[in-house]
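Structural overview for review
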Amino acid sequence: MSQNNVLKGVFLVAIGATTYGMLATFVKMAYTEGYTTAEVTTSQFILGIIGILLINAFQKIKHKDKVVKASKKNIFSLMIAGTSLGMTSLFYYLAVKYIPVSIGIVLLMQTVWMGVLLEMILEKKLPSKQKVIAVMIVLVGTVLATNILHNEINLDWRGLVWGILAAASFTTTMFTANSVATEISSAQRSLYMLLGGSIIVFSFAIATQVAPFNFEIFMKWGIILALFGTIIPPMLMTAGFPLTGIGLGSIVSALELPVSVMMAYVLLNEEVVFTQWVGIVLIILAIIIMNVNFKRKN
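Note that this is a predicted model, so its numbers are computed, not measured.

1. Structural notes on the pattern of salt bridges
- Throughout the structure, instances matching the rule amount to 2 salt bridges.
- Note that Glu33 and Lys220 form a salt bridge whose closest N and O atoms lie 2.9 Å from each other. Linking Glu33 in the loop between α1 (3–32) and α2 (37–63) with Lys220 in helix α9 (residues 217–244), this pair joins segments that are 187 residues apart in sequence.

The structure is reproduced here in structure tokens:
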């Protein structure tokens, strides 16, 4: 693989992770204007599906017969896998409703140790020492990044629960997204996963939206949320990861964490103390340790 391709992959993954890192701040801003979680997620998924449909149509016209069509089995598998994508959005957005964005993103990054645990269960073998060390660093970093060592901090338990659930569902999404129907285009895979996720999102909206649905959300925040949550990140990251490899791609995607915290600090005026930044650096360090091969070549 040429150096230019690797650099291109790094750029794509970096932009994808950066845009996703901005998402929670926009959600929080929508909340301050009175919009509900149901309105936020529904507008994001509907406009996201429309956007991905347009991308698929463009690819079909451009490449004509070269595009591999998804089979009924592919569609069903991707829609089932996509339900975890819908749950991730719901749980994450519910989390930042009760806790600061800077804490919510730290909880979402618990996918680092959850992924190791899931891998251990699926492969039925103990993780390497390198991964165990990385998990321990993540846990220490989480304690610092959430600032729970300070007595004055008072985190709403609902936000903590939703944040951990978001991390669990995101872990499932990452595993399924990298293993289900990989022979078809990323645009098709994104579309069917979004359709599966929309079932969860729309069911939640029907069950929880008591007041009349405010359709102004579509023009006010829906387009931004769709672009930064369901169109740009998955398209860029699925295009970039094959060029960087999982290890380097995972390290670059960790940009999501500092970007999210910085956005919350600048736009929401959330207080971020020094120990929290230390915790964030430790979590990024753990991701690097987990994905770098320290063995010397003979």
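Further notes follow.
2. So, the packing of aromatic side chains
- Across all of its chains, the model carries 8 aromatic pairs by this definition.
- A ring pair is formed by Phe91 and Trp162, whose centres lie 5.5 Å apart and whose planes are at 25 degrees; its orientation type is stacked. Taken as a pair, Phe91 in helix α3 (residues 72–98) and Trp162 in helix α7 (residues 157–177) lie far apart in primary sequence, 71 residues in all.
- Residue class for Trp162 comes out partly exposed when judged on its relative accessible area of 26%.

3. Looking at the environment of Ile137
- Tracing the chain through its elements places Ile137 in helix α6 (residues 129–145).
- Expressed as a C-alpha distance, the spacing of Ile137 and Ser198, which sit 61 residues apart in the sequence, is 35 Å.
- If near-sequence neighbours (up to four positions away) are discounted, Ile137 is found in contact with Leu282, Ala286 and Ile289.

4. Some points on a nonpolar patch on the surface
- Together, Met262, Tyr265, Val266 and Leu267 make up a nonpolar patch on the protein surface, roughly 380 Å² of accessible area in all.
- Within the secondary structure layout, Met262 lies in helix α11 (residues 256–267).
- Relative accessible area serves as the criterion here: at 40%, Met262 is assigned to the partly exposed category.

5. Here's the deal with α11
- The end-to-end C-alpha separation of α11 is 16 Å, in line with the 16 Å expected for 12 residues at 1.5 Å each.
- Of all the positions in α11, only Glu256, Leu257, Val259, Ser260, Val261, Met263 and Ala264 are classed as buried.
- Once α11 ends, the next one or two residues include Asn269, with phi positive near 60 degrees.

6. Looking at unusual backbone geometry
- In this structure, Asn269 takes a positive phi of about 60 degrees despite not being glycine.
- Tracing the backbone shows Asn269 in the loop between α11 and α12 (274–291).
- For Asn269, a relative accessible area of 65% translates into the label exposed.

7. Topic: the packing of α2 against α9
- Across the interface, α2 lies against α9 with an axial gap of 7 Å and an inter-helix angle of 55 degrees. Here α9 runs oblique to α2, going by the angle between their axes. Crossing of α2 over α9 shows right-handed handedness. Residues Glu39, Val40, Ser43, Gln44, Ile46, Leu47, Gly48, Gly51, Ile52, Ile55 and Gln59 of α2 lie in contact with α9, whose contacting residues are Ile217, Phe218, Gly222, Ile223, Leu225, Ala226, Gly229, Thr230, Ile231 and Met235.

Calculation rules
Residues numbered from 1 in each chain as written. Predicted model: local features only at pLDDT ≥ 70, side-chain atom pairs only at ≥ 80, totals over all residues. Heavy atoms only, no water. Salt bridge = Lys/Arg side-chain N within 4 Å of Asp/Glu carboxyl O. Helix = DSSP H or I, 4+ residues; strand = E, 2+ residues; numbered from the N terminus. Phe/Tyr/Trp six-rings, centres within 6.5 Å; stacked < 30°, edge-to-face > 60°. Buried < 20%, exposed > 50% of the residue type's maximum accessible area, 1.4 Å probe, protein only. Contact = heavy atoms within 4.5 Å. Patch = residues over 30% accessible without salt bridge, like charges linked within 9 Å, V, L, I, M, F, W, Y side chains within 5 Å. Areas by Shrake-Rupley, 256 points an atom, 1.4 Å probe, with all protein chains shown as cover. Expected span 1.5 Å × (residues − 1). Axes fitted to C-alpha atoms, helices over the stretch in contact; angles between N-to-C directions. Parallel < 35°, antiparallel > 145°, perpendicular 65-115°, else oblique. Left-handed = near helix turned anticlockwise from the far one by under 90°.

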